[in-house]
Amino acid sequence: MSCIAEGLQLWNHLFNACSVELMSLNRKEMATRAATSKPRFVTTVIIAWLMAKSTLSASTIKAIVYRNMMDRLACPPDYDHSEPANRVNTSLRVEMLRKAMALSNVDAYIITGEDQHQQTEMISPENDRRQLVSGFTGSSGTAVVTDKQAVLWTDGRYYLQADQQLDCQWILMKSGRDQVPEISHWLKSVLSPGDRVGADPKLVNANHWLQWRNELAGSDIWLDALPTNLVDVVWKCAKIVSPNNSTCSSRSSSNKPSTTAYVHDIAYSGQSWQDKVDAVRNELMAQKLDAVVLTALDEIAWLLNLRGGDVPYSPLVEGYVYLSLDRIVLFIQPTKMTELIREHLNSDDCQEETICVEVRHYENVFNDLPVLTENVDSVLLPSNYAYSGGVSFAIYETIPAVKRRTSPSPLILLKATKNAIEVEGMKNAHMKDAVALCDFLSLLQEQIHEGKVQWDELKVVHTLDEYRQQQDLNRGPSFSTIAAFGPNGAVIHYRPSLETNRIIDNSSFLIIDSGGQYLDGTTDVTRTFHFGRATQRQKEIYTRVLMGAIDLAALVFSDSMADSHIDIIARQHLYQVGLDYHHGTGHGIGSFLNVHESPIQVNINSKEPHRFRANYFFSDEPGYYLPNEYGIRLETILRVVDVNMTQQHPQEESHYGGNRFFGFEPVTMVPFESDLILADMMTSKQMKWLNDYHQLVRLNVGAELQRRRNTTSTTSSNTGGCWPWLVSKTRPVTPSP
């Protein structure tokens, strides 16, 4: 039976089960349970069931369940703990998913946060299946549903957000904490030999699939690749509308709104696609490989100098690429293509051109890859690495086992190393970004101090986005702008909504984390403000966060140092008073590509080391978050630059062992909040770095403001007011007399 036929048959079965009476009954059942269940009773029932199904000890199960279910925020809601405004009731969705599972004869179902290209952070709304099932909107997390339980794993960035958004039927597994089991281990504890776990092989990367399959098989539990995505079936059956979609989606890529791709001009890319293909082929030959299958959209966009509008906030076009030593095939929807792109890729002249790109239909990739690889001996199927998800298990299975080779994509390092044109473009993009922020922040501060105009988080988001749009070459935000006031700032990746929107006043901190996509670069910057009188303790913590950011930015180190090893530099001043934060300190950033780019992940908890290279760009963003009170985060984009030690100390050249040394150069040009800095806490070196940076900001941004005033074009309504604000924020910081 074909995949389509099986999907239709499953749809028909489920449709017959979806009567109005049944839906109403489910709602009544859930209401009754919520009204009558007491936490201790619910926990006792679940523990008893787990003990019957598991080989784990009773004490271990009790500890895990009690901590991860009983500690849920406002579960159940009561007079002392009202339900969070952004909590999503997914009872009906989960119940219908369980019916689909029963019809498919699976005992558990895994829902990842990835799309077919293994993207997690920026995916189209119609691909966000995990959000549909759970209500959780964070960029990292995996949900698992059994016949009795619904569980979601996420990392420290999203503990608080998930606790707010998940309704009380969900168990929240806080990855990274002690005794929190991995997905496969948990499944083995709640399932029995012979049980089946289902998942969509297009939405799970091959590494994870193989790991889960092997671990589950040891307990005689089978991981099955289902030809029909059960969440898609539930979506149709329940007629549930996604929070990000206005219509009920069929989740077929052919039904998505059509946006054509476009050529990214070499004036911004700095290198022709032909030269990039040659570079990749050289990497393949060095690794004795015949071909590579590319599924990561940012790699395809970079390789072919193409951009598109298929992914929110990232200028990417959906597609796959097969690249061998003598052939290039692009799988893309025909509606995305234009004559200009075909000309750009020499697609109509493959008989005459020495290098051209064949174009085939997007949906043909699974049938065509086995044929394309018939005459090659080895095919690289990229593994997951840093932010790159690698190929899906479905793609992995199209290549015969004897030909498969797995390792990180060679494009990752090539793309991350910016050429001279891209370096200049990134600097220009950040300068335009600084002007937009300067204009906006000076207006915001003035109006909040005056108290005549009311500001809230959503107004900050919309207004700042408008200021950026006025900048030359801007193509929109690089991610959903974060404006988090007071307690909302404690949610690390908070996104304001109508339910959570707060009025901004002078009583607490305001975090603004935002960025822009420009044809010549991508930006990401975070600053924290207080428009009133911060307490001494708040100033101390802000200063400690700033000291960590400065120490990291001022670091000089050997090229043998891994990115995860320098994270402690940014955390040390918080550690000294027993504080920390639950996210990495830095991420790579693309050039008119993804705002989070591999390979750099400055994260002390990373088990995967990555090395720096000259002209990598990455973020330096330590923070601190006090639950239900406030958050502080300071983010500056840094460029990796060479530091020539032999010129400084030529007589000691032999002692360096030939190592190359790197340092960092800031490209973000936005001042820190001087009113929150306790200069007496800082070292002279830290103070010098800060004052040098602020002088650089004043000179560069001031010169750009002057240039714009001398031209006939205007950028915003507050350019004149920006200069006094900039001067006040960049005055030298000095210790108390």
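You'll find the structure just up there.
To keep things clear, this report deals only with the structure shown in the data block. (Residues numbered from 1 in each chain as written. Predicted model: local features only at pLDDT ≥ 70, side-chain atom pairs only at ≥ 80, totals over all residues. Heavy atoms only, no water.)

Let us now look at the environment of Leu690. Within the element layout of this structure, Leu690 appears in helix α23 (residues 684–709). For the pair formed by Leu690 and Pro671, sequence separation is 19 residues and the distance between their alpha carbons is 9.2 Å. Among residues more than four places away in sequence, those in contact with Leu690 are Leu546, Ile550, Phe672, Ile677, Met682 and Val733. (Helix = DSSP H or I, 4+ residues; strand = E, 2+ residues; numbered from the N terminus. Contact = heavy atoms within 4.5 Å.)

The next subject is the nonpolar core. Within the largest apolar cluster, 81 residues are counted, with the highest numbers of intra-cluster contacts made by Phe440, Leu444, Ile512, Phe612, Phe664, Leu690 and Val701. Considering each element in turn, this core owes the most residues, 11 residues, to helix α18 (residues 420–450). (Core = buried A, V, L, I, M, F, W, Y, C linked by side-chain atoms within 4.5 Å. Buried < 20%, exposed > 50% of the residue type's maximum accessible area, 1.4 Å probe, protein only.)

On to the packing of aromatic side chains, then. Evaluated as defined, the whole model comprises 19 aromatic pairs. Between Phe557 and Phe664, the ring centres sit 5.3 Å apart and the planes meet at 45 degrees, which makes this aromatic pair tilted. Of this pair, Phe557 sits in strand β23 (residues 557–558) while Phe664 sits in strand β30 (residues 661–666), and the two are 107 residues apart along the sequence. Of the two residues, Phe557 and Phe664, neither departs from the other in class, the shared state being buried. Measuring from centroid to centroid gives 5.6 Å for Phe672 and Tyr693, while their planes differ by 45 degrees, and the two rings are tilted. Residue Phe672 is found in the loop between β30 and α23, and its partner Tyr693 is found in helix α23; the two are separated by 21 residues along the sequence. With respect to class, Phe672 is no different from Tyr693; both count as buried. One aromatic cluster in this structure is built from Phe557, Phe612, Phe618, Phe662 and Phe664. For Arg571, the ring lying beneath its charged end belongs to Tyr581, and the centroid distance is 3.9 Å. (Phe/Tyr/Trp six-rings, centres within 6.5 Å; stacked < 30°, edge-to-face > 60°. Lys NZ or Arg CZ within 6 Å of the ring centre and 35° of its normal.)

The subject of this paragraph is the sheet that holds strand β20 (residues 516–518). As summarised here, the arrangement of the 3 strands in space is β16-β20-β21, forming an open sheet in which the pairing is antiparallel. Bordering the open sheet on either side are β16 (474–477) and β21 (521–522), each of which pairs with just one other strand. Inspection of the sheet shows β16 paired to β20 by 2 bridges, in the antiparallel sense. Looking at the pairing, Asn474 lines up with Tyr518 of β20. (Pairing = 2+ DSSP bridges.)

The subject of this paragraph is empty space enclosed by the protein. Overall, the coordinates contain 6 cavities of 30 Å³ or more when judged by the stated rule. Lining the largest cavity we find Tyr109, Ile110, Ile111, Thr112, Arg129, Asp200, Leu203, Val204 and Asn229. In terms of residue count, strand β1 (residues 108–111) provides more of the lining of the largest cavity than any other element does, 3 residues in total. Of the residues that constitute the lining of the largest cavity, the class distribution is 5 nonpolar, 2 polar and 2 charged. The space that makes up the second largest cavity amounts to roughly 40 Å³. Forming the walls of the second largest cavity are Leu437, Leu441, Ile512, Ser514, Val525, Thr526, Arg527, Phe529 and Val670. Contributions of two or more residues to the lining of the second largest cavity are made by α18, β19 (509–514) and β22 (525–530). (1 Å grid on protein atoms, 1.4 Å probe; cavity = no way out; pocket = protein on both sides within 12 Å on 5 of 7 lines; lining within 4 Å. Points joined across faces, edges and corners; volume = space filled by probe spheres on them. Nonpolar A, V, L, I, M, F, W, Y, C, P; charged D, E, K, R; others polar.)

Now for the pairing of strand β12 (residues 358–361). Across 4 bridges, strand β11 (residues 328–332) lies against β12 in parallel orientation. Opposite Ile332, over in β12, you have His361 as the bridge partner. Running through helix α14 (residues 339–344), the crossover from β11 to the neighbouring parallel element β12 is right-handed. (Right-handed = clockwise from strand over helix to strand, strands pointing away.)

As a further point, take a nonpolar patch on the surface. On the surface, a nonpolar cluster with roughly 240 Å² of combined accessible area is contributed by Ile568, Tyr575 and Ile604. Structurally, Tyr575 can be placed in helix α21 (residues 567–575). (Patch = residues over 30% accessible without salt bridge, like charges linked within 9 Å, V, L, I, M, F, W, Y side chains within 5 Å. Areas by Shrake-Rupley, 256 points an atom, 1.4 Å probe, with all protein chains shown as cover. Salt bridge = Lys/Arg side-chain N within 4 Å of Asp/Glu carboxyl O.)

What follows is about the side chain of Arg87. For Arg87, the position within the fold is in the loop between α4 (58–70) and α5 (91–103). Glu83 provides the closest opposite charge to the buried, salt-bridge-free Arg87, at an N-O distance of 4.4 Å. Looking at Arg87, its side chain comes within polar contact range of the main-chain oxygen of Leu73, at 2.8 Å. Apart from residues no more than four positions distant in its own chain, Arg87 is found in contact with Arg72, Leu73, Ala74, Cys75, Asp163, Gln164, Gln165, Leu166, Asp167 and Cys168. (Lys, Arg positive; Asp, Glu negative; His and termini not counted. Polar contact = N/O pair within 3.5 Å; in protein donor to acceptor, adjacent residues only side chain to side chain.)

What follows concerns the packing of helix α8 (residues 183–190) against helix α9 (residues 206–217). Orientation of α8 relative to α9, taken along the N-to-C sense of each, is 30 degrees, at an axis distance of 9 Å. When the axis of α8 is compared with that of α9, the two are roughly parallel. Here the hand of the crossing between α8 and α9 comes out right-handed. Between α8 and α9, the contacting residues are Ile183, Ser184, His185, Leu187 and Lys188 on the first element and Trp212, Glu215 and Leu216 on the second. (Axes fitted to C-alpha atoms, helices over the stretch in contact; angles between N-to-C directions. Parallel < 35°, antiparallel > 145°, perpendicular 65-115°, else oblique. Left-handed = near helix turned anticlockwise from the far one by under 90°.)

The subject of this paragraph is the state of the cysteines. A full pass over the atoms with the stated rule returns 3 disulfides. Bridging Cys350 to Cys356, the disulfide has an S-S length of 2.1 Å. Its S-S torsion of about 115 degrees marks the bond between Cys350 and Cys356 as right-handed, since a negative value means left-handed. On the accessibility criterion, Cys350 (28% relative accessible area) is partly exposed. Its relative accessible area of 13% is what places Cys356 among the buried residues. Shown here is the disulfide that connects Cys438 with Cys722, its sulfur atoms set 1.4 Å apart. Judged by the sign of its S-S torsion, about 100 degrees, the cystine formed by Cys438 and Cys722 is right-handed. In this pair, Cys438 sits in helix α18 while Cys722 sits in helix α24 (residues 719–729), placing the two residues 284 residues apart along the sequence. Among the residues examined, Cys722 registers a relative accessible area of 0% and is labelled buried. (Disulfide = S-S within 2.5 Å.)

With that settled, the discussion passes to the pattern of salt bridges. For the structure shown, the criterion picks out 29 salt bridges. A salt bridge links Lys418 to Glu597; the shortest N-O distance between them is 2.9 Å. Note that Lys418 is positioned in the loop between α17 (411–416) and α18 and Glu597 in strand β25 (residues 597–602), a separation of 179 residues in sequence. Each member of the pair Lys418 and Glu597 is classed as buried.

Moving on to α18. Helix length check: α18 (31 residues) gives 45 Å between terminal C-alpha atoms against 45 Å at 1.5 Å per residue, within 8%. Two to three positions downstream of the cap, the backbone nitrogen of Ile421 sits 3.1 Å from a side-chain oxygen, assigning the N-cap of α18 to Asn419. (Expected span 1.5 Å × (residues − 1).)

Right, let's get into the sheet that holds β11. Spatial strand order, β12-β11-β10-β8-β13-β14: 6 strands in an open sheet with mixed pairing. The open sheet has two free edges, formed respectively by β12 and β14 (404–405), since each of these has just one partner strand. Both strand β10 (residues 320–324) and β11 contribute to a ladder of 4 bridges, which runs antiparallel. Looking at the pairing, Tyr320 lines up with Phe331 of β11. Along the sheet face, helix α12 (residues 273–286) touches β8 (291–294), β10 and β11 and points at about 60 degrees away from the line of β10. Strands β8, β10 and β11 of the sheet are contacted by helix α13 (residues 297–304), whose axis makes an angle of about 60 degrees with β10.

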